[in-house]
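# Chain and residue survey
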Amino acid sequence: MDEYLSEKEQVERIRAWLKENLAWIVGGLVIGIGGISGMNYMQARKLSIAEAASAEYSALRDSLAAGSMEAAQGHLQTLVSDYKGTPYLDQARLALASAALEEGDPDSAEVYLRAALEGTSDPDLRRVVRLRLARVLIATDRADEAIETLALRDAGVFAGAYHALRGDVFAARGETKAAREEYEAALEAGRAESVDTATLERKLAALPAESSDAS
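Residues numbered from 1 in each chain as written. Predicted model: local features only at pLDDT ≥ 70, side-chain atom pairs only at ≥ 80, totals over all residues. Heavy atoms only, no water.

### With respect to the overall build of the chain
Secondary structure assignment for the chain yields eleven helices and zero strands. Listing the helices and strands of the chain from first to last along the sequence gives α-α-α-α-α-α-α-α-α-α-α. The buried share of the chain, reckoned over its 215 residues, is 38%. Considering only contacts within the chain whose residues lie at least 6 apart along the sequence, 53% involve residues at least 24 apart. For the chain, the exposed area adds up to about 11,800 Å²; of that, 51% sits on carbon and sulfur atoms. (Helix = DSSP H or I, 4+ residues; strand = E, 2+ residues; numbered from the N terminus. Buried < 20%, exposed > 50% of the residue type's maximum accessible area, 1.4 Å probe, protein only. Contact = heavy atoms within 4.5 Å. Areas by Shrake-Rupley, 256 points an atom, 1.4 Å probe, with all protein chains shown as cover.)

Okay, here's the thing in C-alpha cells:
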C-alpha cells in the first residue's frame with residue numbers, strides 16, 4: 001500500500017487532474033474566434049495555476065529533503081490558500097504526514113492526514129489516507145479508533161488491505177478468532193496490488209491454534 005502514493009503514482013494523479021481540467025478546451029476549437037479567445041485565456045490561466053502549484057509542491061519537497069519542516073509548512077499554507085482543489089495540496093499533506101512520522105511526531109502526522117481526508121475529492125486517495133491514519137492511531141494506542149477508521153463500507157478496492165490491518169489490531173489485542181477472520185477475509189479479497197498474501201499466510205500460521213478471545 002505504501003507504494004500506492006509513489007512518485008510515479010503522484011505524477012499520474014497530477015496528469016489525470018490536468019487532463020480533466022483541460023480536456024474541455026478541445027471542444028472550443030469548433031466555436032467562434034471570440035469563444036476560442038476566451039477559452040484560450042481560461043486554458044492559460046489553468047496552466048498557470050497548475051504550474052505555480054507544482055512549483056510550490058516541489059519547493060515543499062525540497063524543504064523536507066533539507067530537513068526544514070517550518071519552510072515546508074509555509075509552502076503548505078500557500079497551497080491551502082492559493083491552490084485548493086489541486087492534487088498538489090493532497091500530496092503535500094501526505095508528504096508532511098510522512099515527515100512528521102519520521103521525526104517521531106504522530107500527533108502532527110494525524111493532523112495532516114485528517115486534513116487530507118477531509119480535503120480530497122479522490123475516493124481512492126481517501127481510502128489510502130484512512131489506512132495511513134489507522135496506522136497512526138494504532139501506534140498511539142487507539143486501536144478502537146483505528147478499527148472505526150477502517151470501516152469496511154468505505155474500503156472499496158482496498159478491502160483486502162483494510163481486512164489485513166484490522167487483523168493486525170485484533171491479533172495485537174489477543175483476539176485470535178477475530179484476527180483469523182480478518183486475515184482470511186483479506187486473503188479472499190486479495191488483490192495483488194494491495195495485499196501481501198505471503199505475509200498474511202505467515203500471520204495466520206502464527207496465530208494460536210485455539211482462540212484466546214474473551215468469552
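### Let's talk about the confidence of the model for the chain
Here the chain shows a mean pLDDT of 83. Residues at 70 or above account for 74%. Across residues 1-5 the pLDDT falls below 50, and counting only partners more than four positions away or on other chains, this stretch makes 21 contacts in the model. (pLDDT = per-residue confidence, 0-100.)

### What about the side chain of Arg-130?
In this fold, Arg-130 is placed in helix α7 (residues 123-139). Note on Arg-130: relative accessible area 19%, which makes it buried. Not counting the four nearest positions on each side in its chain, Arg-130 is found in contact with Leu-117, Thr-149, Leu-150, Asp-154 and Tyr-162.

### Some details on the packing of helix α5 (residues 87-102) against helix α6 (residues 106-119)
The N-to-C vectors of α5 and α6 enclose an angle of 165°; their axes lie 8 Å apart at closest approach. The angle between α5 and α6 falls in the class roughly antiparallel. For the crossing formed where α5 meets α6, the hand is left-handed. On α6, the residues that touch Asp-90, Arg-93, Leu-94, Leu-96, Ala-97, Ala-100 and Leu-101 of α5 are Pro-106, Ser-108, Ala-109, Tyr-112, Leu-113, Ala-115, Ala-116 and Gly-119. For the contact of α5 with α6, the residue count by class is eleven nonpolar, two polar and two charged. (Axes fitted to C-alpha atoms, helices over the stretch in contact; angles between N-to-C directions. Parallel < 35°, antiparallel > 145°, perpendicular 65-115°, else oblique. Left-handed = near helix turned anticlockwise from the far one by under 90°. Nonpolar A, V, L, I, M, F, W, Y, C, P; charged D, E, K, R; others polar.)

### As for the packing of helix α10 (residues 176-189) against helix α11 (residues 197-206)
One can describe the packing of α10 onto α11 by two numbers: an axis separation of 10 Å at closest approach and a directional angle of 155°. Judged on the interaxial angle alone, α11 and α10 are roughly antiparallel. Our pair here, α10 against α11, has a crossing hand that is left-handed. On the side of α10, the interface is formed by Arg-180, Tyr-183, Glu-184, Ala-186 and Leu-187, while α11 contributes Thr-197, Leu-200, Glu-201, Lys-203 and Leu-204.

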